[in-house]
Amino acid sequence: MTFLLGSSITFAYGDGDDPLCTYGCLMSSSAEITEIRAYTHVGDLVVAVDTGFDECPEGGFVESNSDNRAELTSLLLSAFHASTQVKLQVYRSNEWGATSGKTHCMIRAVRLYQ
């Protein structure tokens, strides 16, 4: 087992490909959220934002059983109501199953900007 204490190594988690991201991650450019949707039959929270990605051009989603659903939802709703720009880190190969094409990717992290 290796421990790094006082190490000068820095990691830019969330800026593009994250080595801890199981499916490979993408970080979107800053944009405002244009819509948030929730469904009773699926339970996923769907966020419309221009990601600039071919993999999920329409935004991202938070799964109903995500461990950090409350925290992500809180940040997303705050950003939406304040018209604050966000960056979404999404899983590249985990698209929303409620659509027939690649429209939304699962959100792994949210960053807010002023």
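This section reports on the structure supplied with the text. (Residues numbered from 1 in each chain as written. Predicted model: local features only at pLDDT ≥ 70, side-chain atom pairs only at ≥ 80, totals over all residues. Heavy atoms only, no water.)

## What to know about the overall build of the protein chain
Let me state the cut-off plainly: Strands here mean DSSP runs of E at least two residues long; helices mean DSSP runs of H or I at least four residues long; both are numbered from the N terminus. A simple rule labels every residue: compare its accessible area, found with a 1.4 Å probe on the protein chains alone, to the largest value its type can have, and call it buried under 20%, exposed over 50%, or partly exposed in between. Here a residue-residue contact requires only that any non-hydrogen atoms of the pair lie within 4.5 Å. Computed with a 1.4 Å probe, the accessible areas rest on the Shrake-Rupley method; for each residue, only the protein chains presented here act as cover.
Along the protein chain, the regular secondary structure elements total 1 helix and 7 strands. When the elements of the protein chain are put in sequence order from the N terminus, they spell out β-β-β-β-β-α-β-β. A burial count over the protein chain gives 38% of its 114 residues as buried. Sequence-distant contacts, at least 24 apart, represent 60% of the contacts inside the protein chain between residues at least 6 apart. Total accessible area computed for the protein chain in this model is approximately 6900 Å², and 50% of it derives from carbon and sulfur atoms.

## As for unusual backbone geometry
Positioned with a positive phi, Ser 83 is a non-glycine residue whose angle comes to about 50°. Note that Ser 83 resides in the loop between α1 (69-82) and β6 (85-95).

## Here we look at the pairing of strand β5 (residues 59-62)
The test is simple: The pairing criterion is simple: DSSP has to find at least two bridges between the two strands.
Of the two faces of β5, both are covered, the one formed by Gly 59 and Phe 61 as well as the one formed by Gly 60 and Val 62. Pairing between strand β4 (residues 45-48) and β5: 4 bridges, direction antiparallel. Within the sheet, the bridge partner assigned to Leu 45 lies in β5 and is Val 62. Both β5 and strand β7 (residues 104-113) contribute to a ladder of 3 bridges, which runs parallel. Opposite Phe 61, over in β7, you have Met 106 as the bridge partner.

Everything listed here is a matter of geometry and, on its own, says nothing about what the molecule does.
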